[in-house]
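# Remarks on the overall topology
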Amino acid sequence: MTALAERHRAGLAGALLGIAVVLLASGLVIGLTGGEGWNQKLGTAPVLLAFALVGALVAARTGNRLGWLFLAVGLVGAVGLTTIAYAGRAPAAELPEAAWVGWTSPLLLAILQTMIFLTPLLFPDGRPPSRRWRLVVWVAVIAGLGQFVTAALSNVDFSTNFPGLRDPVTIVAPLSTAYNWAQEATLLVLPLSVIAMIARFRRSSHDERLQLKWFMYASAVVGVVILVAAQLSNNPLLAFDIVFPLLPAAVGVAILKYRLYDIDRLISRTLAYAIVTGLLVGVYAGLVLLATQVFGFRTPVAVAAATLAAAALFNPVRTRVQRAVDRRFNRVRYDADQTVAAFAARLKDAVDVNAVQADLASVVQRALEPAHVSLWISEREWGRAAPSAASVRTGGRPGSA
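Structure report, in brief. The structure displayed is predicted, hence computed values, not measured ones. (Residues numbered from 1 in each chain as written. Predicted model: local features only at pLDDT ≥ 70, side-chain atom pairs only at ≥ 80, totals over all residues. Heavy atoms only, no water.)

Counting its secondary structure elements, the protein chain contains 17 helices and two strands. Every one of the 401 residues in the protein chain was classed for burial, and the buried ones make up 38%. Taking contacts inside the protein chain between residues at least 6 apart in sequence as the whole, the part at least 24 apart equals 67%. (Helix = DSSP H or I, 4+ residues; strand = E, 2+ residues; numbered from the N terminus. Buried < 20%, exposed > 50% of the residue type's maximum accessible area, 1.4 Å probe, protein only. Contact = heavy atoms within 4.5 Å.)

This paragraph deals with the environment of Val 156. Along the chain, Val 156 turns up in the loop between α7 (134–153) and α8 (158–161). By relative accessible area, Val 156 is classed as buried at 18%.

Time to look at the packing of helix α9 (residues 176–202) against helix α10 (residues 206–232). Between α9 and α10, the least distance of the axes is 9 Å, while the angle of their chain directions is 150°. By crossing handedness, the relation of α9 to α10 is classed as left-handed. Contacts from Met 197, Arg 200, Phe 201 and Arg 202 in α9 reach Glu 208, Arg 209, Leu 212, Lys 213, Phe 215 and Met 216 in α10. Residue composition of the contact of α9 with α10, grouped by class: five nonpolar, no polar and five charged. (Axes fitted to C-alpha atoms, helices over the stretch in contact; angles between N-to-C directions. Left-handed = near helix turned anticlockwise from the far one by under 90°. Nonpolar A, V, L, I, M, F, W, Y, C, P; charged D, E, K, R; others polar.)

For the coordinates displayed, the defined rule picks out three salt bridges. Put simply, Arg 200 and Asp 125 hold a salt bridge, and the shortest N to O gap is 3.4 Å. Highlighted residues: Arg 200 in helix α9 and Asp 125 in the loop between α6 (119–122) and α7, separated in sequence by 75 residues. According to the relative accessible area criterion, Arg 200 is buried, its value standing at 5%. Of the charged contacts, one joins Asp 207 and Lys 257 as a salt bridge, the two residues approaching to 3.6 Å between their closest N and O atoms. Taken together, the residues Asp 207 in helix α10 and Lys 257 in the loop between α12 (246–256) and α13 (263–294) connect sequence positions 50 residues apart. Look at Asp 207 and you get partly exposed, because its relative accessible area is 26%. Within the structure, one salt-bridge network assembled from shared partners comprises Asp 125, Arg 200 and Glu 208. (Salt bridge = Lys/Arg side-chain N within 4 Å of Asp/Glu carboxyl O.)

Below, the discussion takes up the packing of aromatic side chains. As enumerated under the stated definition, the model contains four aromatic pairs in all. For the pair Phe 51 and Phe 244, a centre-to-centre distance of 6.4 Å together with 35° between the ring planes defines the contact as tilted. Of the two residues, Phe 51 is situated in helix α2 (residues 45–62) and Phe 244 in the loop between α11 (237–243) and α12; the sequence distance between them amounts to 193 residues. Exposure remark for Phe 244: the relative accessible area of 17% places this residue in the buried category. Each member of the aromatic cluster is reached from another via a ring pair, and the members are Phe 51, Phe 70, Phe 240 and Phe 244. Above the ring of Phe 201, the side-chain terminus of Arg 209 is found at 4.5 Å from the ring centroid. (Phe/Tyr/Trp six-rings, centres within 6.5 Å; stacked < 30°, edge-to-face > 60°. Lys NZ or Arg CZ within 6 Å of the ring centre and 35° of its normal.)

A surface patch of nonpolar side chains, about 550 Å² in accessible area, is lined by Ile 111, Leu 145, Phe 148, Val 149, Leu 153, Ile 171 and Leu 175. Here the nonpolar patch takes four residues from α7, the largest share from any one element. By the secondary structure assignment, Phe 148 is in helix α7. (Patch = residues over 30% accessible without salt bridge, like charges linked within 9 Å, V, L, I, M, F, W, Y side chains within 5 Å. Areas by Shrake-Rupley, 256 points an atom, 1.4 Å probe, with all protein chains shown as cover.)

With 18 residues, α2 ought to run about 26 Å at 1.5 Å a step, and its terminal C-alpha atoms sit 25 Å apart, in line with that. Taken together, the buried positions of α2 are Ala 45, Val 47, Leu 48, Ala 50, Phe 51, Ala 52, Val 54, Gly 55, Ala 56, Val 58 and Ala 59. Where α2 ends, the next residue or the one after it, Gly 63, has phi of about 75°, a positive value. (Expected span 1.5 Å × (residues − 1).)

Another aspect to go through is the nonpolar core. The tendency in soluble globular proteins is for nonpolar side chains to be buried side by side. Judged by nonpolar contacts, the single largest core of 49 residues is most densely connected at Leu 66, Leu 121 and Phe 123. Top contributing element to this core by residue count: helix α3 (residues 65–87), with eight residues. Contact partners of Phe 123, with chain neighbours within four places excluded, come to Leu 66, Met 197, Arg 200, Gln 211, Leu 212, Phe 215, Val 251, Ala 254 and Ile 255. Counting 13 residues, the second-largest nonpolar core is a separate cluster that includes Ala 87, Ala 98, Ala 99 and Val 156. (Core = buried A, V, L, I, M, F, W, Y, C linked by side-chain atoms within 4.5 Å.)

Glancing now at the packing of α2 against α3. The contact between α2 and α3 brings their axes to 7 Å, and the two run at 150°. Read as a crossing pair, α2 and α3 show a hand that is left-handed. Contacts between α2 and α3 involve Ala 45, Leu 48, Phe 51, Ala 52, Val 54, Gly 55, Ala 56, Val 58 and Ala 59 on the former and, on the latter, Gly 67, Trp 68, Phe 70, Leu 71, Val 73, Gly 74, Gly 77, Ala 78 and Leu 81. Counted by class, the contact of α2 with α3 contains 14 nonpolar, four polar and no charged residues.

Another aspect to go through is a positive patch on the surface. A surface patch of positive charge is lined by Arg 65, Arg 127, Arg 131 and Arg 134. Among the structural elements, Arg 65 can be located in helix α3. (Lys, Arg positive; Asp, Glu negative; His and termini not counted. Charge placed at Lys NZ, Arg CZ, Asp CG, Glu CD.)

Let's shift gears to the environment of Phe 240. Here Phe 240 is to be found in helix α11. The spacing of Phe 240 and Gly 223 is 17 residues in sequence and 9.5 Å in space, taken between C-alpha atoms.

Structure (structure tokens):
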């Protein structure tokens, strides 16, 4: 692709991002000044902004189809948020066109839902894993089109969203059954897309597997946090606003390959700290109950003792748990640490500089898998007449020198 075409692509992505940002800001202003609080309608703004930002960056830098898909999600969602805020602001007597504006909302929702549910299927290259998975794309398109048509021709979702307005287009009786079938078919696309991602992961190359790990990690974090927030609160909207943007952010990291190789360490650290937190909370609660219910200590004394015990146990427990988690989920780092530790033990008794050179080059190759290793030893350190060098070429990961 020529430099001119890349500039045009970046310019288009930037223009679409600007339109999405303006629409989101307008929708928030209209909704908040119209007396609405931070509700489920306006609460999607941070998520849509994240999709638009990541989409613009990915589209401008790589031209990946997912970048344009994310930009479309941000743009369509911004239009939908603005129409919902405008139509819900006042009754039709004050804003006669509000009913027509509100009529577009379920139509935009059908398009938006279809695009988001297709993300796992198309990640990371913007294409399905194989030709047979194109059927899922067609199912999503047809189901989304079914929602679009039934919502456009009948009042299936309008009165629920805008009780003060009258649906301007009711050509046929409410097609609720057909709309529900289409919605269920759209929801079916999501688990099918997850299955496609698992199939892609099983036959993926090294870099693509790391990209998929980023997406799976972000999806797991988002799902767990929202599930916990839903159990602890009747309104998990704040948790949704905070954690769901992690999903497009992870897609951006994976596609742009920014710190791509850190995912194994990130997963192991997350699991380790989650396990350590759970263990220490259990120890803390157990000590408090033991001190107050069995030994009869006063509550402040029991709390202080339990806090000190949990603090004292933190580092030993964290070290052991981290080692166990690394052994299972971050094996590359664990093996590298073991290799380096063994080399350090051998180095204590080493006296032959040539043997140390060869051993060091071998350790670096096994631990880091670089494409090339060069070692220079200063004559001031070893008393040699001239600096010596050891060079090893391997078939390691590109860019890992």
